[in-house]
Amino acid sequence: MAGMRTARRILTGGAALAAAGWVLRDVPAELGVRPLGSGPERAARILGSKQFKDGSFYNPMPEPTDLMNTPPVNLLGELAKNKEQRRPAGPVPLRVPPAGPAPADGLRAVWYGHASTLVEIEGRRVLFDPVWSERVSPSQLVGPKRHHPLPVALAGLPQVDAIAISHDHYDHLDMATVRSLTRTQKAPFLVPLGIGAHLERWGVPAYRIVELDWEEETEVAGLRFVATAARHFSGRTLRRNDTLWGSWVVAGAAKRVFYAGDSGYFEGYRGIGSAHGPFDLTLMPIGAYSPSWPDVHMNPEEAVRAHLDLGGELLLPVHWATFTLALHPWAEPVDRLWREAKAREVSIVVPRPGEVVDAAAAPAVDGWWETLG
């Protein structure tokens, strides 16, 4: 009997190791590629960028941009405290967006959770920072896990005209999602300089990759895309800033959209607004802020300020609700946003994941999250 128990333990342990090995097999690919070594053409563009010096990209803003200016004395203890406040108290209500073509002359948006958003602008569809994995991490065994399901499966997405990425952090650039979209969609990937090296390793054909430096632009499906500045950083390993980060301007014949990606507040939003605005819709990050990293993530009040600097008409908040990436309570970002928007008479819309928002007839804010916070 003892021999049989030992054999069972060995078999069970072997199966567990095999399962872990299977899950971890993609970790090397998840870490991405150093773009300077991915080919002479890309390396030349990177070395010629005004945002690149001394071996890495940098933020040209005069303010400091340290990731951790004043880390909490007992960070692990803080993480262990009040964990329940950092997740919703019940199921997050979802909506299933209707099928059918995008309005030929309108502007609509579908927020799927965190930063993943589909914008329908003048009959074209643009997908921003799609992340469909359960965890935002190089391994699906560990890392921040979703607080709500996706309102629609990747296979259920309509055909899009462009896929725009803001930077290469795991909660904005997901290898599994990229690989799936490469198979199921035909649209090009528009990315900041250097990120194309990751995509190529993951199987995206070179002809579907458009890499842009700040203030470079391209036209896709009749829409003008401009890569604009952000105050952030990049990296999928302990090494940072091999690739550029940024925001996106999408302009049609009459409608304009701004997606901020991840960014701390900086004075450059006024310049972006003057050069490329005003904007009918801004997608602004409001979550995962902290006094410990004030320069790389906006808080809700700063998001409103940036929206006004940009000349925004309607603000749709992103980067909240789906993953716990900071110590603040789950609903605090949207509570603070609502208060600030009312105080400054800014129009906002707070959709449930999967809910369609028509920018010309946005529904009133109804506080749907309040019972979950």
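This write-up is about the structure you can find in this document.

Procedures and definitions
Residues numbered from 1 in each chain as written. Predicted model: local features only at pLDDT ≥ 70, side-chain atom pairs only at ≥ 80, totals over all residues. Heavy atoms only, no water. Core = buried A, V, L, I, M, F, W, Y, C linked by side-chain atoms within 4.5 Å. Buried < 20%, exposed > 50% of the residue type's maximum accessible area, 1.4 Å probe, protein only. Contact = heavy atoms within 4.5 Å. Helix = DSSP H or I, 4+ residues; strand = E, 2+ residues; numbered from the N terminus. Lys, Arg positive; Asp, Glu negative; His and termini not counted. Salt bridge = Lys/Arg side-chain N within 4 Å of Asp/Glu carboxyl O. Polar contact = N/O pair within 3.5 Å; in protein donor to acceptor, adjacent residues only side chain to side chain.

### Remarks on the nonpolar core
Here is step 1: By size, the foremost hydrophobic cluster in this structure holds 69 residues, and its most contacted members are Tyr-269 and Trp-320.
Here is step 2: Excluding residues that lie within four positions of it along the chain, Tyr-269 makes contacts with Phe-258, Ala-260, Ser-263, Gly-264, Met-298, Ala-306, Asp-309 and Leu-310.
Here is step 3: If you look at the next biggest cluster of nonpolar residues, it comprises 25 residues, including Trp-132, Leu-157, Ile-165 and Leu-181.

### What to know about the side chain of Asp-213
Here is step 1: Tracing the backbone shows Asp-213 in the loop between β8 (209-212) and β9 (217-220).
Here is step 2: With no salt bridge to any partner, buried Asp-213 finds its closest opposite charge in Arg-45, at an N-O distance of 6.2 Å.
Here is step 3: At 2.7 Å, the side chain of Asp-213 forms a polar contact with the side chain of Ser-49.
Here is step 4: Setting aside residues up to four positions removed in sequence, Asp-213 forms contacts with Arg-45, Ser-49, Lys-50, Gln-51, Leu-193, Ala-227 and Leu-244.

### Side note on helix α8 (residues 300-310)
Here is step 1: What α8 keeps buried is the set Pro-300, Ala-303, Val-304, Ala-306, His-307, Asp-309 and Leu-310.
Here is step 2: Residues of α8 that are buried in the fold lie against β12 (256-259), α7 (268-276), β13 (279-285), β14 (312-318) and α9 (332-343).
Here is step 3: For α8, the N-terminal cap is Asn-299; the gap from its side-chain oxygen to the backbone nitrogen of Glu-301 is 3.1 Å.
Here is step 4: Following α8 by one or two positions, Gly-311 adopts a phi angle in the positive range, close to 75 degrees.

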